[in-house]
Amino acid sequence: MATSPYLPDTDAGKDAFLTNFALKLPAYQTALQLSAGDVTAVQNAAALFHWARVTQEQTATSAKQWTAFKNRLRDGAVVAPIVLPVDPVIGAAPALPAPGYGIFKWIGQLVQRIKNSPAYTDAIGQDLGIIGAEQTFDPEAAKPVLTLRLVAGGQPEIGWKKGPFTALEIEVNRGTGFAFLAIDTEPDYVDTFTPPATPTIWTYRAVYRLGESMAGQWSDPAEITVGG
């Protein structure tokens, strides 16, 4: 599956691309015959997309923490005190870009205008980040990398990178062999199973999903000590 020669696949990559593009574009405004409105629209788009991406990640993490808290409140061990999750502080939205939605569609149109300009050079393209080698995506070679940490309530959080995949299928071994745990569509995942009373090693592994099918290889097992 071919990807854009310059635009990254992930939201984080698109964020970094757009931030650089907005930062560098003013230096070429006159030479490329761009309007002040073009430059302002790109700068506003970069600021708004970064804000939206960070806000979405923060609220998604908060939602998972509240789910874990609710489940522990309902089914957890009888312990005290109760510790409430802390909601993220969300700042005001930046200025809205004049072209509206579909940021990377109209950015692509602007990039084409830039490349059609008589003043355009490969050096400008490299500086703006709009030149890149054609990439290929091989889902069969993909292998998730898991990171583990304990969050509120002593429950494991499984960190993973989504990339171009639909979801992650996770299995856990609590001492009796690997068994299905969850299919997570947005990183990261909190295992809400009640931790044991004594220190115990739980082991996790996972495989990507693309649509309804597994894709690639199982991750290396990742271990964490819970309970106690």
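The structure we're discussing is the one just above.
Everything numeric in this text was worked out from a predicted model, so none of it was measured.

*Asks:* Looking at this structure, I do not really get the packing of helix H1 (residues 11–24) against helix H3 (residues 103–116). What am I missing?
*Replies:* When two helices pack together, their arrangement is captured by the angle between the axes and the distance separating the axes. Packing of H1 against H3 brings their axes to within 13 Å, and their N-to-C directions diverge by 45 degrees. Classified by the interaxial angle, the pair formed by H1 and H3 is oblique. In this structure, H1 meets H3 at a crossing whose hand is left-handed. Along the contact surface, H1 presents Lys14, Phe17, Leu18 and Phe21, while H3 presents Ile103, Phe104, Ile107, Leu110, Val111 and Ile114. Each residue belonging to the contact of H1 with H3 can be placed in one class, and the counts come to nine nonpolar, no polar and one charged.

*Asks:* Explain the side chain of Asn71 to me, please; I cannot follow it from the model alone.
*Replies:* Looking at the secondary structure, you find Asn71 in helix H2 (residues 36–75). Once residues within four sequence positions are removed from consideration, Asn71 is found in contact with Gly76 and Thr192.

*Asks:* Hey, could you run me through the environment of Gly163 in this one?
*Replies:* Within the element layout of this structure, Gly163 appears in the loop between strand E2 (155–159) and strand E3 (167–173). On the basis of relative accessibility, which here comes to 34%, the residue Gly163 falls in the partly exposed class. In this structure the C-alpha to C-alpha distance between Gly163 and Gly13, which are 150 residues apart in sequence, comes to 9.8 Å.

*Asks:* What is the right way to look at H3 in this model?
*Replies:* In an α-helix, one turn spans 3.6 residues; hence positions three or four apart end up facing the same way. A rise of 1.5 Å per residue sets the reference length of H3, with its 14 residues, at 20 Å; its end C-alpha atoms lie 20 Å apart and thus fit the reference within 8%. Residues Ile103, Phe104, Trp106, Ile107, Leu110, Val111 and Ile114 constitute the buried set of H3. Down the axis of H3, the buried side of the element spans an arc of 160 degrees, and every buried residue falls inside it. Along H3, exposed side chains directed more than 90 degrees from the buried face belong to Lys105, Gln109 and Asn116.

*Asks:* Help me understand unusual backbone geometry in this model?
*Replies:* Peptide bonds are mostly trans, and most non-glycine residues show a negative phi. The linkage connecting Pro187 with the following residue, Asp188, adopts the cis geometry, with an omega of -5 degrees. Locating Asp188 in the fold gives a position in the loop between strand E4 (178–184) and strand E5 (189–190).

*Asks:* I tried to follow the sheet that holds E2 on my own but got confused; where do I start?
*Replies:* Note: strands within a sheet are paired through backbone hydrogen bonds, in either parallel or antiparallel orientation. An order of E1-E2-E5 is seen for the three strands of this open sheet, with the pairing classed as antiparallel. Bordering the open sheet on either side are strand E1 (147–151) and E5, each of which pairs with just one other strand. Pairing of E2 with E5, which is carried by two bridges, proceeds in the antiparallel orientation. Pairing of Glu157 across the sheet is with Val190, part of E5.

*Asks:* Would you mind showing me how to read the environment of Ser213 here?
*Replies:* Along the chain, Ser213 turns up in strand E7 (residues 213–215). For Ser213, a relative accessible area of 44% corresponds to the partly exposed category.

*Asks:* Is there a simple way to explain the packing of H2 against H3 in this structure?
*Replies:* It is the contact of H2 with H3, at a shortest axis distance of 11 Å, that shows an interaxial angle of 145 degrees. For the crossing formed where H2 meets H3, the hand is left-handed. Here H2 contributes Asp38, Ala41, Val42, Ala45 and Phe49 to the contact with H3, which in turn contributes Ile103, Phe104, Trp106, Ile107, Leu110 and Arg113. Grouping the constituent residues of the contact of H2 with H3 by class yields nine nonpolar, no polar and two charged.

So, how was this worked out
- Residues numbered from 1 in each chain as written.
- Predicted model: local features only at pLDDT ≥ 70, side-chain atom pairs only at ≥ 80, totals over all residues.
- Heavy atoms only, no water.
- Axes fitted to C-alpha atoms, helices over the stretch in contact; angles between N-to-C directions.
- Helix = DSSP H or I, 4+ residues; strand = E, 2+ residues; numbered from the N terminus.
- Parallel < 35°, antiparallel > 145°, perpendicular 65-115°, else oblique.
- Left-handed = near helix turned anticlockwise from the far one by under 90°.
- Contact = heavy atoms within 4.5 Å.
- Nonpolar A, V, L, I, M, F, W, Y, C, P; charged D, E, K, R; others polar.
- Buried < 20%, exposed > 50% of the residue type's maximum accessible area, 1.4 Å probe, protein only.
- Expected span 1.5 Å × (residues − 1).
- Arc of directions from axis to C-beta.
- Pairing = 2+ DSSP bridges.

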